[in-house]
Amino acid sequence: MSAVVFDVIILGAGAAGLFCAAEAGARGRRVLLLDHASRLGERIRISGGGRCNFSNRDVSAENYLSQNPHFCRSALARFTPADFIARLERRGIPWREREHGRLFCERTAQDVTDMLLDACETAGVQRIHPCVVDSVARRSGAAGVRFEIVTDRGRWRCAALVVATGGVAVPKLGASPFGYRLAEQFGIAVVPPKAALVPLALPPDVLSALKPLSGVSVAAETHLQGHRRVPGGRFREDVLVTHRGLSGPAILQISSYWQMQDYAAGPRRPLRIDLLPDTDAHEWLQAQVRSKALLANVLAERLPRRFAHEWCALHGFTKPLNELARRDLIAVAQALNGWEIMPSGTLAQVCHPL
């Protein structure tokens, strides 16, 4: 039996696959969407704590890390967060903007999944799932037919093949290295993947010194200086000290920039944490230099009390403020606005070997 021919076959029916299928179908293409899962959009369902953090109003090319920094510019310019918001509003899906421009559904992530599934239905997209792909091969012969896909549910051919199978995160939801292996099959270079948004590990001596701070969170700003061709980053949110290292939103964000240093020449640079962002620590302390209070108690006006006391003990800043020499006051201020820590790596969990 000859294979049925489509204009486009899309492998993977997550957010990207569903969106691509709906767009291609709306433009008059005959589209087939294949996925190995029985229930579609599971990654959408769990995103944003079940509320789907669908975009960020402040997103730009500078927020993407790539060895080619211009790679994402065209896509971001052609379809913006405002474009997606307009689709939600036409659908009647309420949404909310949270801190740092983050956009979430007001009700549930299922609203987004249903919107994408209905868009596919309206565009005439054919969906087959669960479906296991056995092989993908390049074909020649019939005009415009370039690929053949063989599965446990049938065999199809197409002019254009889109691989939207995602990465290797969250294997419990079916994530696998299928897309990477397919890329290698067709001679496409694959950069070994690394987990993003991960806690940072610390050397044993530093971890031991920070142990008393385990479980304490502080609002701060993380900063990593860039290298040549590798961008630096700066994020202001919470930093959490754990029994294994550093975590919290500001650390998870900066972790990707930390890993990008693998592509830069020269040694890694330390992570800097500003515990008093928007405050010149030296000026603030200088204004209270006559205070007889312990430095830790003064810092507790701006930082969690437990953190202030343990941090001062860690650095040996145990005197009252009025007993600190000028050079000590400068050292305290520099540490507050630029606490340097050299991570030993990440605490990423390996999902799949490629």
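First things first, this report covers the structure right here in the doc.

Rules used throughout
Residues numbered from 1 in each chain as written. Predicted model: local features only at pLDDT ≥ 70, side-chain atom pairs only at ≥ 80, totals over all residues. Heavy atoms only, no water. Pairing = 2+ DSSP bridges. Helix = DSSP H or I, 4+ residues; strand = E, 2+ residues; numbered from the N terminus. Axes fitted to C-alpha atoms, helices over the stretch in contact; angles between N-to-C directions. Contact = heavy atoms within 4.5 Å. Salt bridge = Lys/Arg side-chain N within 4 Å of Asp/Glu carboxyl O. Buried < 20%, exposed > 50% of the residue type's maximum accessible area, 1.4 Å probe, protein only.

1. Considering the sheet that holds strand S9 (residues 154-163)
Spatially, S6-S2-S1-S9-S8-S7 is the arrangement adopted by the six strands of the open sheet, whose pairing is mixed. Single-partner strands in this sheet number two, and they are strand S6 (126-128) and strand S7 (133-138). Sheet twist, expressed as the average angle between the axes of neighbouring strands with direction ignored, equals 35°. Seen against the sheet, helix H6 (residues 178-185) touches strand S1 (4-11), S7 and S9 and runs at an angle of roughly 30° to S7.

2. Observations regarding the environment of Ile 85
For Ile 85, the position within the fold is in helix H4 (residues 81-91). C-alpha separation for the pair Ile 85 and Asp 280, spaced 195 residues apart in sequence, amounts to 39 Å.

3. Thoughts on the pattern of salt bridges
The tally for this structure, following the rule as stated, stands at 19 salt bridges. With a closest N to O distance of 2.8 Å, Glu 106 and Arg 96 form a salt bridge. Here the residue Glu 106 occupies a position in the loop between strand S5 (102-105) and helix H5 (110-122), and Arg 96 occupies one in strand S4 (residues 95-97), the gap between them amounting to ten residues. When its relative accessible area of 27% is taken as the criterion, Glu 106 is described as partly exposed.

4. A word on the sheet that holds strand S14 (residues 271-274)
In spatial order, the strands read S15-S14-S11-S12-S13-S10-S16; together these seven strands make up an open sheet with antiparallel pairing. Each edge of the open sheet carries a strand with a single partner, namely strand S15 (339-341) and strand S16 (345-346). Where S14 meets S15, three bridges bridge the pair, whose relative direction is antiparallel. Looking across to S15, one finds that Ile 273 is bridged to Trp 339. The strands touched by helix H8 (residues 249-260) are strand S10 (200-201), strand S11 (217-224), strand S12 (233-241), strand S13 (245-247), S14 and S16; relative to S12, the strand with the most contacts, the crossing angle is about 125°. Of the strands in this sheet, S14 and S15 are in contact with helix H12 (residues 326-337), which crosses S14 at around 105°.

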